[in-house]
Amino acid sequence: MTKQNNDSDKARAALAAVRGEVAKTVVGQDSAVAGILIALLCRGHILLEGVPGVAKTLLVRSVAAALDVDTKRVQFTPDLMPGDVTGSLVFDNATSEFTFREGPVFTNLLLADEINRTPPKTQASLLEAMEEHQVSIDGVPRALPEPFVVAATQNPVEYEGTYPLPEAQLDRFLLKVTLPLPPRDDEISILSRHAAGFDPRNLAGAGMRPVASPADIAAGVAAVRQVSVAPAVLAYIVDIARATRMSPSLSLGVSPRGATALLATSRAWAWLSGRDFVTPDDVKALAQSTLAHRLGMRPEAELEGVSVSAVLDAAINSVPVPR
């Protein structure tokens, strides 16, 4: 076995251990943990949506603790300014010069908490960071550390005091995962942990420890790039994207960037599943979380109560599965 294969297997085992480690603090949100790992492997970003109180913030903090990466949190509020996120030039009295003071975006895993509670001007401060992995202040680009992932949380748009993210920013998120309310048994487990003294502010007290490192992430990124995709599977992804553009219920279908994102997430999921090739089932498994947030519904379809996920399912089912 080559060294590259050894590194790949070690990285896969380490990232699989992250899912078990996070389960010490968060009950029943494995798909969201997998989504964050896929975002890391694809050098992308993830949007976590759910009503208040379903452990969105705790989930991201727990993943960061299990990965042993630097993390910072920004609470997005109506009065937050772009410079509060990216950093700004500050006058230094000692040198009589302006010096750059880094904002919280200079980290590996940025928790953008309740991103849709701040106005579009501040939301847009993340666009360059998410796309280029850098920020430009006073015309000078400054590189962000690697890995760099934005894990943003948001409340559903019908909640008071929210500013819906514009399509251009939603498209920058590789994945969007909805955190549902837990089923009864999981909710009993959550309350049992709290009754036994669990403190969500003290992750170390819950027994959490780092089980993976930035080196494992880098090895995983390299391994995912080696995952093969058959021409028929590539065509399957393209046909799904094109089917959404033909849907009468949609005003905005999947762009080529969306199709590329589905290719990337499918490869990452195949690698996490222990394979070096992508199957149509990998594509189907990641299609909803990779594509649904990129679609725009027609007003008349919304009035009829049609959901984005149902329209996307119909588009997927209209495309023949390659054999």
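The structure reproduced in this document is the subject of the present report. Given the structure is predicted, the values throughout are model-derived calculations rather than measurements.

### A few points about the nonpolar core
And then number 1: One finds Leu15, Leu48, Leu59, Leu67 and Trp271 to be the most contacted residues of the largest nonpolar core, which totals 72 residues.
And then number 2: With eight residues, the single largest contributor to this core is helix H2 (residues 30-41).
And then number 3: Residues contacting Trp271, with those up to four places away along its chain left out, are Ser8, Ala11, Arg12, Leu15, Leu41, Gly220, Ala223, Val224 and Val227.
And then number 4: Counting 21 residues, the second-largest nonpolar core is a separate cluster that includes Leu80, Val105, Phe106 and Ala129.

### Looking at the packing of aromatic side chains
And then number 1: The final tally for this structure, using the stated rule, is one aromatic pair.
And then number 2: Arranged with centres 5.8 Å apart and planes meeting at 65°, the rings of Phe100 and Phe106 form a pair that is edge-to-face.
And then number 3: The exposure class of Phe100 is partly exposed, given its relative accessible area of 21%.
And then number 4: The exposure class of Phe106 is buried, given its relative accessible area of 8%.
And then number 5: The ring of Phe100 is capped by Arg142, whose NZ or CZ atom sits 4.2 Å from the centre of that ring.
And then number 6: When the ring centre of Phe277 is taken as origin, the NZ or CZ atom of Arg275, which lies over that ring, is 5.8 Å away.

### Some words on the pairing of strand E1 (residues 46-49)
And then number 1: Here E1 shows two buried faces, one formed by Ile46 and Leu48 and the other by Leu47 and Glu49.
And then number 2: Relative to strand E8 (residues 149-154), E1 is paired through four bridges, and the arrangement is parallel. Following the sheet pairing, Leu47 is matched in E8 by Ala152.

### Quick notes on helix H14 (residues 308-317)
And then number 1: Buried within H14 are the following residues: Val311, Leu312, Ala315 and Ile316. Down the axis of H14, the buried side of the element spans an arc of 140°, and every buried residue falls inside it.
And then number 2: Residues of H14 that are buried in the fold lie against helix H10 (231-246), strand E10 (250-252), helix H12 (280-291) and strand E11 (296-297).

Rules used in this analysis
- Residues numbered from 1 in each chain as written.
- Predicted model: local features only at pLDDT ≥ 70, side-chain atom pairs only at ≥ 80, totals over all residues.
- Heavy atoms only, no water.
- Core = buried A, V, L, I, M, F, W, Y, C linked by side-chain atoms within 4.5 Å.
- Buried < 20%, exposed > 50% of the residue type's maximum accessible area, 1.4 Å probe, protein only.
- Helix = DSSP H or I, 4+ residues; strand = E, 2+ residues; numbered from the N terminus.
- Contact = heavy atoms within 4.5 Å.
- Phe/Tyr/Trp six-rings, centres within 6.5 Å; stacked < 30°, edge-to-face > 60°.
- Lys NZ or Arg CZ within 6 Å of the ring centre and 35° of its normal.
- Pairing = 2+ DSSP bridges.
- Arc of directions from axis to C-beta.

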